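# Observations on the model geometry
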Amino acid sequence: MAASDTKQISKTFLIAEIGQAHDGSLGILHSYIDALAETGIDAVKFQVHIAAAESSAEEPFRVNFSYEDATRFDYWQRMGFSTEQWAAIKAHCEAEGLEFMASPFSQAAVDLLEELDVKRYKIGSGEVNNFLMLEKIARTGKPIILSSGMSSYAELDRAVEFVRGFGNDLTLLQCTTAYPTPPDRIGLNLIPEFKQRYPDVRIGLSEHTARITTGIAAVALGAEVLEFHTVFDRRMFGPDAASSLTIDEIKALVEGVRFLETALDHPVDKSDNSRYTDLKKIFEKTLAVNRDLPTGHILQFEDLEAKKPAGMGVSASVFRSVIGRRLSRPKAKYDFLTEADLD
């Protein structure tokens, strides 16, 4: 499938990553799909780990990190599903109106995803320099979403240029590889920086703060794609649980993003306030006197009050024009002041 065959993203594309939150259980995984279908997101993302192709028993990352798995390799094995099971997962997503997405972590995982005919690929932060896999994915011609978590600008420039050479539609996500991400490391400043540095690339945020405000702020800064992890409860077991949003939080995030999109799509012309004509008559004020004053009194600042509504005489906005003028008739306390009252 060529990039042009994939529907273009016209609003903020919202991706909820289940990742490893299913903990190897198909039942839990499918229950996540059902729950996320009610939130208004656009896509559900998974990670495809094929232990033998991706890892080895020597992998040091999070060894003995769980009660159930002696090594990270054992964990990847437990997290894996067959091609048939993945096909059923994809079918469930599509039946709920959600795009099935996945991050592959090996050539074998790309082969599996091609067998499933995924629409686009998400490249995890740790794979930006894996040009072997980047080329395999780029050769498919499908859109690529590239996460920048552990990469310097030099590395990103190289990866972006590499993918550009194949002509794939490309999205680049600012990402901080910290779970959860503290506020001083989110890097929201990089969204406009990326837009300027890569003007032909769609820009977004992959975030792990477990806070709704982060995604809304990113959209306000111009993010066109937003990715976040999901979990039923942050107290659950899993490497990403503490940095994930709950289902209810995702629903609130979607509502907030869509509300903000409407606001951003409708700039206000501050030079035109014609829609407030009737309200201005109600809330703006007319000059009045604040005490009984005789004919011939010369008005001073201290004599004046402003009262609703507007249009009953001299506008409060031009009060200086009456100071020093003489009353042509007596005025009672809080009477409106008109030009006919002034010499």
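Residues numbered from 1 in each chain as written. Predicted model: local features only at pLDDT ≥ 70, side-chain atom pairs only at ≥ 80, totals over all residues. Heavy atoms only, no water.

Looking up the chain in an unreviewed UniProt entry gives the name N-acetylneuraminate synthase, with the organism given as Flavilitoribacter nigricans.

## Remarks on the overall build of the chain
Note the threshold: Starting at the N terminus, helices and strands are each numbered in turn, a helix being any DSSP run of H or I of at least four residues and a strand any DSSP run of E of at least two. With the radius of gyration taken over C-alpha atoms, the globule rule is written as 2.2 Å times the number of residues to the power 0.38. Think of it in three bands: residues with accessible area under 20% of the maximum for their type are buried, residues over 50% are exposed, and the middle band is partly exposed, with areas taken using a 1.4 Å probe on protein chains only. Any two residues having at least one pair of non-hydrogen atoms within 4.5 Å are treated as being in contact.
Within the chain one finds 11 helices and 10 strands. The C-alpha radius of gyration of the chain comes to 31 Å, more than 25% above the 20 Å expected for a compact globule of 343 residues. Summarising its shape, the C-alpha atoms of the chain cover approximately 100 × 45 × 35 Å along the three principal directions. Residues counted as buried form 47% of the 343 residues belonging to the chain. Across the chain, contacts joining residues at least 24 apart in sequence account for 67% of those joining residues at least 6 apart.

## Observations concerning the packing of helix α7 (residues 153-164) against helix α8 (residues 190-197)
Counted only if it meets this: Fitted lines through C-alpha atoms serve as axes, helices being fitted only where they are in contact, and the angles separating the N-to-C directions of these axes extend from 0 to 180 degrees. Each angle is binned into one of four classes, with values under 35 degrees roughly parallel, values over 145 roughly antiparallel, values of 65 to 115 roughly perpendicular, and all other values oblique. Note on convention: the crossing is left-handed when the near helix lies turned anticlockwise from the far helix by less than a right angle, right-handed when the turn is clockwise. Three classes are used, and their members are as follows: Ala, Val, Leu, Ile, Met, Phe, Trp, Tyr, Cys and Pro are nonpolar, Asp, Glu, Lys and Arg are charged, and the others, Gly among them, are polar.
Look at α7 against α8: their axes get within 13 Å of each other, and the N-to-C directions meet at 45 degrees. With respect to α8, the axis of α7 lies oblique. The element α7 and its partner α8 pack so that their crossing is right-handed. Residues Y153, L156 and D157 of α7 touch α8, and the partners they reach there are L190, E193, F194 and R197. Residues belonging to the contact of α7 with α8 are distributed by class as follows: 4 nonpolar, no polar and 3 charged.

## Comments concerning the packing of aromatic side chains
Going by this rule: Centres within 6.5 Å are what make two rings of Phe, Tyr or Trp a pair, Trp counting through its six-membered ring; a difference in plane orientation under 30 degrees is then read as stacked, over 60 as edge-to-face, and the rest as tilted. Two conditions define a charge sitting above a ring: the NZ of Lys or the CZ of Arg must be within 6 Å of the ring centre, and it must be within 35 degrees of the ring normal.
By the definition in use, this model includes 11 aromatic pairs. By the ring-pair criterion, three or more aromatic residues cluster together here, those being F46, F81, W86 and F100. It is R120 that lies over the ring of F13; its NZ or CZ is 4.8 Å from the centre.

## Description of the nonpolar core
Quick reminder of the rule: Side-chain atoms within 4.5 Å link the members of a nonpolar core, which is a set of buried Ala, Val, Leu, Ile, Met, Phe, Trp, Tyr and Cys residues.
Core analysis: the largest hydrophobic core is formed by 63 residues, its most contacted members being I41, F46, W86, F100, L113, L226 and F228. In terms of residue count, helix α10 (residues 247-264) provides more of this core than any other element does, 6 residues in total. Contacts of L226, omitting those with residues within four sequence positions, involve T12, F13, L14, I15, L205, G215, A218, V219, L253 and V257. One finds L293, L299, L304 and L337 within the second-largest nonpolar core, a separate group that totals 10 residues.

## Describing the domain arrangement of the chain
Stated precisely, the cut-off is as follows: Residue ranges assigned to the domains are those given by an automatic or database domain assignment.
The domains assigned to the chain are domain 1 (13-265) and domain 2 (274-341). Between the C-alpha centres of domain 1 and domain 2 the distance comes to 64 Å.

## Some words on the sheet that holds strand β4 (residues 121-123)
The test is simple: When DSSP finds at least two bridges between two strands, those strands are taken to pair.
Taken together, the 8 strands give an open sheet; going across it, the order is β3-β2-β1-β8-β7-β6-β5-β4, and neighbouring strands pair in parallel fashion. At either end of the open sheet lies a strand with only one pairing partner, and these are β3 (99-104) and β4. The sheet shows a mean angle of 25 degrees between the axes of neighbouring strands, direction not considered. As paired strands, strand β1 (residues 13-19) and strand β2 (residues 43-48) are joined by 4 bridges and run parallel to one another. Note on β2: the bridge partner recorded for E17 is K45.

## Quick look at the side chain of T140
Note the cut-off: What qualifies as a polar contact is a pair of N or O atoms within 3.5 Å, subject to a donor-acceptor requirement within protein and to the restriction that residues adjacent in sequence count only when both atoms come from side chains.
Topologically, T140 is positioned in the loop between α6 (131-138) and β5 (144-147). Reaching out from T140, the side chain makes a polar contact with the backbone oxygen of I137 at a distance of 2.6 Å.

## With respect to the side chain of R202
The residue R202 is located in strand β7 (residues 202-207) in this model. Within the local environment of R202, its side chain forms a polar contact with the side chain of T171, the two groups lying 3.1 Å apart.

## What to know about the packing of α6 against α7
The angle between the axes and the distance between the axes are what describe a pair of packed helices. The N-to-C vectors of α6 and α7 enclose an angle of 30 degrees; their axes lie 10 Å apart at closest approach. The orientation of α6 with respect to α7, classified from their angle, is roughly parallel. In terms of crossing hand, the pair formed by α6 and α7 is right-handed. Taking contact as the criterion, the partners of F131, L134 and E135 in α6 are, on α7, R158, A159 and F162.

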